[in-house]
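Below, each chain spelled out in residue letters.
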Amino acid sequence: MAHATGTVESHVQHHFKSSDQQFSSAKLGMWLFLFTEIMFFGGLFVAYIVYRAWNPELFTLAATQLDTVLGAVNTVVLIGSSLTVALAIRAAQFDKQKQIINYLLITIFLATVFLVIKYFEYTHKFDMGILPGAMYTFEGIDHPKANVFFSIYYMMTGLHGIHVVIGIGLMVWLVLKAMKGAYTSSYYTPVEITGLYWHLVDIIWIFLFPLMYLID
Amino acid sequence: MATASNGNTLKVRYFDIDENPKEHYLNAEKGLKSWLFTVDHKRIGIMYLASIVLFFAVGGLLALVLRTELLTPAENLMNAETYNRVFTVHGAVMVFLFIIPSIPAALGNFLLPIMLGAKDVAFPRLNLASFWIYSIGALFTLVSLAVNPIDTGWTFYTPYSVQTGSAVILMTFGVFIMGFSSILTGMNFIVTIHKLRAPGLTWGRLPLFCWAMYATSVIQVLATPVLAITLALLIMERTLGIGIFDPALGGDPVLYQHFFWFYSHPAVYIMIVPAFGVISELIATFSRKTIFGYWAIAMSSLAIAFIGSLVWGHHMFVSGQSELSTVVFSFLTFFVGIPTGIKIFNWLATMHKGSIDMKTPMLYAVIFLFLFTIGGVTGIMLGAISVNVHLHDTYYVVAHFHYVMMGGTVMAFLGGLHFWWPKMFGKMYSEFWGKISAAIIFVGFNLTFLPQFIMGSQGMPRRYYSYIDQFQTMHQLSTIGSYVLGVGFLIIAVYLVHSLIWGKKAPANPWGSRSLDWMTSSPPAHHNFNYTPVINNGPYDYHKPISEFTLGIAEDHEHGESVEKAKEETKA
Amino acid sequence: MSAHHAIPLKTLLSTTLALVVLTVVTIAVFYLNIPAPFDVVVALFLATFKATLVAMFFMGLYYDEKFNTVVLIFSFLFFFVFIGITLLDTLFRESSISIW
Ligand code: HEM
Ligand SMILES: [Cu+2]
């Protein structure tokens, strides 16, 4: 897929010498951005680990309030969406315009399923008085710091959820562009980069799932 | 023939530099819009420069107000509460709005692509976005001032920052936003250095300023997200009461300090490492000598970036963190001194037997060496636990960080500003007034901050609007010093503005420097170079006379047109 | 190695399968009730393995320029620095050291 030098394709910005240089720059930029994402979530993981090390019994107690089945379903849903986004990139690499759009639409669908499940989990907890922060009124967990566990839970899953929403937004934008035929085997950088982002969202959930739902 | 970094052989042609460019980046396009929406890294750099100068003036005026309050122990201008707000705003403005973007975003943006022989940074639109994000963040902090100026200190420690009635959310949200600007700049620079070096510009030929920017960018990308999550959690703490940092709800305030300093200690290296880069350029250029220990200087920047992220707890020795971590942090802190010392000695070795030309920028470099060494050594002293317990939260700490931040970063910034002034604006400044004001600033600085070391070691605590009579002489010396400093900066402002309008036209390379930023006209062309330059010398090859010092032009398929033009113009 | 590497379909599918299987294993291990702290160790080991699969084959690090992998490794390294040194405080608040 390397390009013959000699012609400058229209998508190459003036300060790049070649399409390859532009592509690998964009990719490195995205990896650096993912680095910052890992440190960003990392802060929350630090809070999680510190509090879990302080109150192991609290985490065992509180995790019983989380629905393992729903968590597991969501894990599989996200893994599936990772596959479809990878397939969308593959479609672009083989110039299959129609498939790019279809795979992106499936990804968006799966991401929405994830959010819907998350919505049911949240509202169920809200009804029980498991609200974030000072609004916490649930009395089923016999521990003075039960509110802190759920603060951490809401912060981590909430931030992750925001990332899912942003991902959906990005992919809707990709679909709109793809419908105009913007992506071909010689230029599909936005698809590739959104894919990287989406996989990171998946990776974070891969860690969140056992850390939140599977404590005993 | 020259060999490019990828091993290809390129045909090169030699060329002369256009001394009287008719078209350059300043006049390429006209109108306010052509500035506000430009993607040209040079214009973005200049816009950052204007912004940080503005905020430096704001922060500086606040500092003078603070010093005036401290002229006597009595209440001169304001009560204790107002004093708290003023020092907080002074600190926050200076740290987040001035010093962090100062050298990287202003000078770095302008210079980095030119030094790499590139036409722009890797992501020009992201670069513009980063400027706008910075502006929006700054707007939030300004709004917070109008609403209810914050009084927590620039560190926003919980639990007070959760309890106070001042506009903590607006302020921290502003800082949160500006963090993203810093992250984007860092990302952009790392990719630019990796991917956009001109043919022949190997890693070993990078100017040391680029190495410094590289290390700085690494720290920006690494640490700033943690600040973002810290402030986000603080905002959540205030709005929802999540109880992670607030002891009243079962949280741990010391954990907040870990989060905050995990960013903010590395952040002091975001401030100083670019300054190291500037100093390397100044010292090599004005000593007319190949830099001593190129790789030692380059690698010590990276070493500082790494070790600097292991030592944050030295700000927390008396916070109640465990004794074990106190000992470990103290031990690690001493290691930061090593790469820093390596740099100082290499600069001195570069100056040794050089033919030193004491132009204004070099004067600032020497002032830097003097003041920064004091700041660094007192930092090491503060890193010793037993000494720290006595000195923590006293004026000794205040003096320490002003010696490094102002004596270090600001002096390097001034040196760099004078050094690249002709390049940026195509005008010379007044050498005479430059030296006078440098001298005034040096005297004013020491008069302001040396007494603070003394009274700090005698027990004068920081962040108080009043004090016992015993400290009055020292405080008054310090206040007078701050006025002298003010005068110094005023003179600089006057002659720089004068030079913008009436200054003598600057030649392309007024200092006889060997690095790529001086191999283009002053001011540089719209796209820096009208051809792809080929680098066949090192940036510090002072053993070659300037007449023999040449650059090549690559035969460039893709931009055939511009190459043809360049060939004609240069009549190689 | 070109940055534009199309990842084979077979690789993508088998990666997905592996991820699903590992998720099932993670849950199975949870119901085995391994005593603490080994439950966490096993769970994190499995999660890390899954994340590595995603990074290598979905994100294409296996085929990509090596420096991108370096960036990823460094991000985890700095996360470990953050948590590791913080734990030196939070785990040892109560104990005082008497080496002198
Ligand atoms: C040789 C390297 C350095 C060492 C070993 C060092 C050490 C320290 C220590 C131990 C403290 C804590 C004092 C206390 O609060 O009790 C401190 C405070 C501080 N240092 Fe440094 N430092 C160094 C360089 C720098 C540099 C380069 C900067 C900035 C450009 C800087 C900025 C600060 C600031 C702003 C504070 C005070 C923070 C606050 O509490 O408001 N330091 N330093
Ligand atoms: Cu520090």
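Worth saying up front: this structure is predicted, and the values here are computed from it rather than measured.

S.K.: Can you walk me through the coordination of the copper ion (ligand 2) in this structure?
M.R.: Note on metal geometry: ideal angles are 109.5 degrees for four donors arranged tetrahedrally and 90 or 180 degrees for six donors arranged octahedrally. All names here are of chain B. Bound to the copper ion (ligand 2) on the protein side are H265 (ND1), H314 (NE2) and H315 (NE2), at distances that span 1.9 to 2.0 Å. For the copper ion (ligand 2), all donor residues lie on one chain, and their spacing in sequence is H-x48-H-H. A separation of 4.3 Å is found between the copper ion (ligand 2) and the iron atom of ligand 1.

S.K.: Mind showing me how you'd approach helix α7 (residues 208-239) of chain B here?
M.R.: Note: α-helices contain 3.6 residues per turn, so residues at a spacing of three or four share the same orientation. Residue and element names in this part refer to chain B. The first and last C-alpha atoms of α7 sit 46 Å apart over 32 residues, in line with the 46 Å expected at 1.5 Å per residue. Approximately 30° is the largest bend angle found in α7, and it occurs at A223, with the proline P225 only one to four residues beyond. In terms of burial, α7 is a largely internal element, 27 of the 32 residues being buried. Within two residues after α7, G241 carries a phi angle of roughly 70°, on the positive side.

S.K.: Is there a simple way to explain the coordination of the iron atom of ligand 1 in this structure?
M.R.: There is one protein donor for the iron atom of ligand 1, namely B:H400 (NE2), at 2.1 Å. Considering the arrangement of structural elements, one finds B:H400 in helix α13 (residues 395-425).

S.K.: Before we go on, may I ask you to explain the interface of chain C and chain A in this structure?
M.R.: For interface size, the figure often reported is the accessible area lost on association. Listed by partner, the interface residues are 49 residues for chain C and 48 residues for chain A. For the pair chain C and chain A, the summed buried area comes to about 4,300 Å², and 78% of that belongs to carbon and sulfur atoms. Considering only the surface of chain C that becomes buried against chain A, C:H4, C:F30 and C:M59 emerge as the three largest contributors, covering 18% of it. Counting across the interface, chain C meets chain A through one salt bridge. One salt bridge in this structure joins C:D64 and A:K27, with 3.2 Å as the shortest N-O distance. Taken together, the links from chain C to chain A amount to three residue pairs in polar contact (both at pLDDT 80 or more). Examining the composition of the side of chain C that touches chain A, we find that 14 residues originate from one element, helix α3 (residues 66-90) of chain C, more than from any other. Residue classes in the side of chain C that touches chain A are distributed as 33 nonpolar, eleven polar and five charged.

S.K.: In this structure, what is going on with the side chain of B:N509? I would like to understand it.
M.R.: Residues and elements named next belong to chain B. Looking at where N509 falls in the secondary structure, it is placed in the loop between α15 (472-502) and β4 (533-534). Here the side chain of N509 touches G512 through a polar contact of 3.1 Å, landing on its backbone nitrogen. A polar side-chain atom of N509 sits 2.9 Å from the main-chain carbonyl oxygen of S513. If we skip the residues at most four places from it in the chain, N509 touches W518, M519 and I546.

S.K.: What am I meant to see in the interface of chain B and chain C here?
M.R.: Contact residues are listed per partner, giving 24 residues for chain B and 15 residues for chain C. Of the roughly 1,800 Å² buried between chain B and chain C, counting both surfaces, carbon and sulfur atoms make up 77%. The largest per-residue losses of area from chain B upon contact with chain C belong to B:S322, B:E323 and B:L324, which jointly make up 24% of the total buried on that side. At the surface where chain B touches chain C, the tally comes to two salt bridges. Note that B:K195 is salt-bridged to C:E65, the shortest N-O span being 2.6 Å. Across the contact surface, chain B and chain C share five residue pairs in polar contact (both at pLDDT 80 or more). Only α6 (168-195), α7, α8 (253-287) and α10 (323-351) of chain B provide two or more residues apiece to the side of chain B that touches chain C. Sort the elements by how many residues they give to the side of chain B that touches chain C and α10(B) lands first, with six residues. Class assignment for the residues of the side of chain B that touches chain C results in 14 nonpolar, seven polar and three charged.

Rules behind the numbers
Residues numbered from 1 in each chain as written. Chains lettered and ligands numbered in written order. Predicted model: local features only at pLDDT ≥ 70, side-chain atom pairs only at ≥ 80, totals over all residues. Heavy atoms only, no water. Donors = N, O, S within 2.8 Å, 3.2 Å for Na, K, Ca; no water. Helix = DSSP H or I, 4+ residues; strand = E, 2+ residues; numbered from the N terminus. Expected span 1.5 Å × (residues − 1). Bend = angle between axes of the 7 residues up to and from the residue. Buried < 20%, exposed > 50% of the residue type's maximum accessible area, 1.4 Å probe, protein only. Contact = heavy atoms within 4.5 Å. Buried area = accessible area lost by both parts, 1.4 Å probe. Salt bridge = Lys/Arg side-chain N within 4 Å of Asp/Glu carboxyl O. Polar contact = N/O pair within 3.5 Å; in protein donor to acceptor, adjacent residues only side chain to side chain. Nonpolar A, V, L, I, M, F, W, Y, C, P; charged D, E, K, R; others polar.

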